[in-house]
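Remarks on the overall topology
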Amino acid sequence: MPFPAMAARAICAAALLALPVHAAAAQTLTLREALSRAIAANPRLSAAERDIGIASGQRLQAGARLNPELSYEQDNSFGSGAYRGTRSAETTLQISQAFEWFGKRDARISAGQAGVRVAEIQRQAVRLEILSETAVTFVTVLATQRRIQILDDQVAALDRLTPLLRRRVEAGASSPAETGRAEVASALVRADRERVKATLASARRELALLIGDSSAKFVSVTGRFDATGRAPSFQSVIAAIDANPQLARWTAVYAQRNAELLLARLKPYPDVRLSAGWRHYNDTQDDAVRLSVSVPIPVFDQNQGNILSAQESLAKTEAERKANRNALLVIAGRAYDSLQGSLRELSVLREIAIPRAQEAADEIAQGYSAGRFTLLEVLDAQASVAQARLREQEALQNIHVAVATIEGLVGRPFTLTRETAR
């Protein structure tokens, strides 16, 4: 499968956001639509395509042969005595052609071809980066939407306490200060919600720019949002990291620099210039053919500086590739560790924290009506439920961001060992 197609599949799997069964509303953005629009509209990909055109032009120019030269000479004229005017002039019309030897043109062509290949692979890398960034931003928007929903639920739960508090105050079972305390708790949650809304606005704007819109024209994003299972070993990530175009391009870069070194070494070898001309003698009205051969003597300039530069550039290639690979491994390692930690965190939250917090909140809410618990305990229990649910969404976001990041590096799906769905 071609790498670009594989990359698109990889990023689709990276976010693990399956489309809903029903048709999405016109103003609701899905991951599939976001990825498609990002590839079609992102200016970075257009710039990378122009780089291919630039390299293709350089490759075309590298294969051009040297142009011939046409010259006209006039000797023995406009002097004195017998050479006054043009009576004794000798005129020569000559054409010259330089011929490159020792494979110089072939070396230029090889360097140009390698440059085109570098630009093509770099375009693949840019395409993969755009898909990965779009998937990560999409996940961020979706997770932030879910956090706002959780805060809305918490505000609604606090607001439902108000009638009960008023009845208890009227019955003399509670102090009027408890009503104010509940209102403060509700206001604080509303303040948190406003802060999250600002985060959502920034994420929406970033996603809109990635898909080619100057502002977010979609109302919301949609997708199923869940994750279970275990991640494959990190060794499988390391084994696949060399498929990343950022590393694959170094093979083409090496070929390009090797051709440039060969070209630098061949430059001191002289080219041969052949000339043929027609000469006319005005004084005798005779004609003659003029032939010449010229070869430069490489005595002073043997291109040693450019040869040394090309040698160092070639030797630098492997070090650059290793540094690039190490950087990718660091990014992959951080994403993998985040994935592993978030999976464990999600397991604890779902198996213990969220069920226990919800059970405690339900029991305390029922007991509060009977006077067995204080308002502070009710508020604390509700806050614990909301906090656990927010942590769950954060862990889910971290999981899918990590998966999208890893898939953007290896260029293929990175699935958990058990079924993963959203």
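For the structure, check the block above.
Residues numbered from 1 in each chain as written. Predicted model: local features only at pLDDT ≥ 70, side-chain atom pairs only at ≥ 80, totals over all residues. Heavy atoms only, no water.

Digging into the overall build of the chain
- Within the chain, the regular secondary structure consists of nine helices and six strands.
- For the chain, whose C-alpha radius of gyration is 37 Å, the value lies well above the compact-globule estimate of 22 Å for 422 residues.
- If you line up the chain on its principal axes, its C-alpha atoms span 140 × 45 × 40 Å.
- Across the 422 residues of the chain, 42% fall into the buried class. (Helix = DSSP H or I, 4+ residues; strand = E, 2+ residues; numbered from the N terminus. Rg over C-alpha atoms; globule rule 2.2 N^0.38 Å. Buried < 20%, exposed > 50% of the residue type's maximum accessible area, 1.4 Å probe, protein only.)

Here's the deal with the environment of glycine 112
- For glycine 112, the position within the fold is in helix 4 (residues 104-170).
- Judged by its relative accessible area of 10%, glycine 112 falls in the buried class.
- Separated by 39 residues in sequence, glycine 112 and glutamate 73 place their C-alpha atoms 38 Å apart.
- Glycine 112 has contacts with Ala55 and Arg59, leaving out every residue within four places of it along the chain. (Contact = heavy atoms within 4.5 Å.)

Some details on the pairing of strand 5 (residues 272-281)
- Alignment of strand 3 (residues 90-99) against strand 5, held across 10 bridges, turns out to be antiparallel. Looking at strand 5, one finds that glutamine 94 is bridged to glycine 277.
- Pairing of strand 5 with strand 6 (residues 286-294), which is carried by nine bridges, proceeds in the antiparallel orientation. Within strand 6, the residue paired with glycine 277 across the bridge is arginine 290.
- Connecting the antiparallel pair strand 5 and strand 6 is a turn made up of four residues, with glutamine 285 showing a positive phi of about 60°. (Pairing = 2+ DSSP bridges.)

So, the side chain of glutamate 320
- Mapping glutamate 320 onto the fold places it in helix 8 (residues 304-369).
- Side chain to side chain, glutamate 320 and arginine 257 meet in a polar contact 2.8 Å long.
- Not counting residues up to four positions away in its chain, the partners in contact with glutamate 320 are Trp250 and Arg257. (Polar contact = N/O pair within 3.5 Å; in protein donor to acceptor, adjacent residues only side chain to side chain.)

Quick look at helix 3 (residues 43-62)
- Here helix 3 contains 20 residues, and its C-alpha end-to-end distance of 29 Å stays within 8% of the 28 Å for a straight helix at 1.5 Å per residue.
- Taken as a whole, helix 3 has its buried residues at Leu45, Ala48, Ile52, Ala55 and Ala62. One side of helix 3 holds all its buried residues, which, seen down the axis, span an arc of 85°. Turned more than 90 degrees from where helix 3 packs its buried face, Pro43, Arg50, Ile54, Leu60 and Gln61 sit exposed. (Expected span 1.5 Å × (residues − 1). Arc of directions from axis to C-beta.)

Notes on the sheet that holds strand 5
- One open sheet holds the four strands; their spatial order is 2-3-5-6, and the pairing between them is antiparallel. Strand pairing shows two members of the sheet lacking a second neighbour, strand 2 (69-75) and strand 6, which therefore form its edges. Looking at each pair of strands side by side, their axes are set apart by 20° on average, direction ignored. (Axes fitted to C-alpha atoms, helices over the stretch in contact; angles between N-to-C directions.)

Structural notes on the pattern of salt bridges
- For the structure shown, the criterion picks out 19 salt bridges.
- Glutamate 69 is the partner of arginine 273 in a salt bridge, and the nearest nitrogen-oxygen pair spans 3.5 Å. Of this pair, arginine 273 sits in strand 5 while glutamate 69 sits in strand 2; the two residues are 204 residues apart in sequence, bridging distant segments of the chain.
- The class of glutamate 69 is partly exposed, set by a relative accessible area of 43%.
- Linking arginine 350 and glutamate 392 is a salt bridge whose minimum nitrogen-to-oxygen distance equals 2.9 Å. Placement of arginine 350 in helix 8 and of glutamate 392 in helix 9 (residues 375-410) is noted, with a sequence separation of 42 residues between them. (Salt bridge = Lys/Arg side-chain N within 4 Å of Asp/Glu carboxyl O.)

What about unusual backbone geometry?
- In this structure, phenylalanine 78 is a non-glycine residue whose phi angle is positive, near 60°.
- Within the fold, phenylalanine 78 resides in the loop between strand 2 and strand 3.
- Despite not being glycine, phenylalanine 102 has its phi angle at roughly 65°, a positive value.
- Mapped onto the secondary structure, phenylalanine 102 falls in the loop between strand 3 and helix 4.
- We classify phenylalanine 102 as partly exposed; its relative accessible area is 49%.

A closer look at the nonpolar core
- Of all hydrophobic cores here, the largest spans 78 residues; its most connected members are Leu29, Leu207, Val221, Ile241, Leu339 and Ile406.
- Listing elements by their share of this core, those giving two or more residues are helix 2 (31-41), helix 3, helix 4, helix 5 (176-210), helix 6 (234-240), helix 7 (245-266), helix 8 and helix 9.
- Among the elements that take part in this core, helix 4 stands out by supplying 20 residues, more than any other.
- Among all residues touching isoleucine 241, those that are not within four sequence positions of it are Leu247, Arg325, Leu328, Leu329, Ala332, Leu409 and Val410.
- Core analysis: the next-biggest nonpolar cluster, separate from the first, contains five residues, Leu261, Ala264, Ile307 and Ala310 among them. (Core = buried A, V, L, I, M, F, W, Y, C linked by side-chain atoms within 4.5 Å.)

A few points about the packing of helix 8 against helix 9
- The geometry of helix 8 relative to helix 9 is characterised by a closest axis approach of 7 Å and an angle of 160° between their N-to-C directions. One way to sum up the angle between helix 8 and helix 9 is to call them roughly antiparallel. For the pair helix 8 and helix 9, the sense of crossing is left-handed.
- Split by residue class, the contact of helix 8 with helix 9 holds 26 nonpolar, six polar and five charged. (Parallel < 35°, antiparallel > 145°, perpendicular 65-115°, else oblique. Left-handed = near helix turned anticlockwise from the far one by under 90°. Nonpolar A, V, L, I, M, F, W, Y, C, P; charged D, E, K, R; others polar.)

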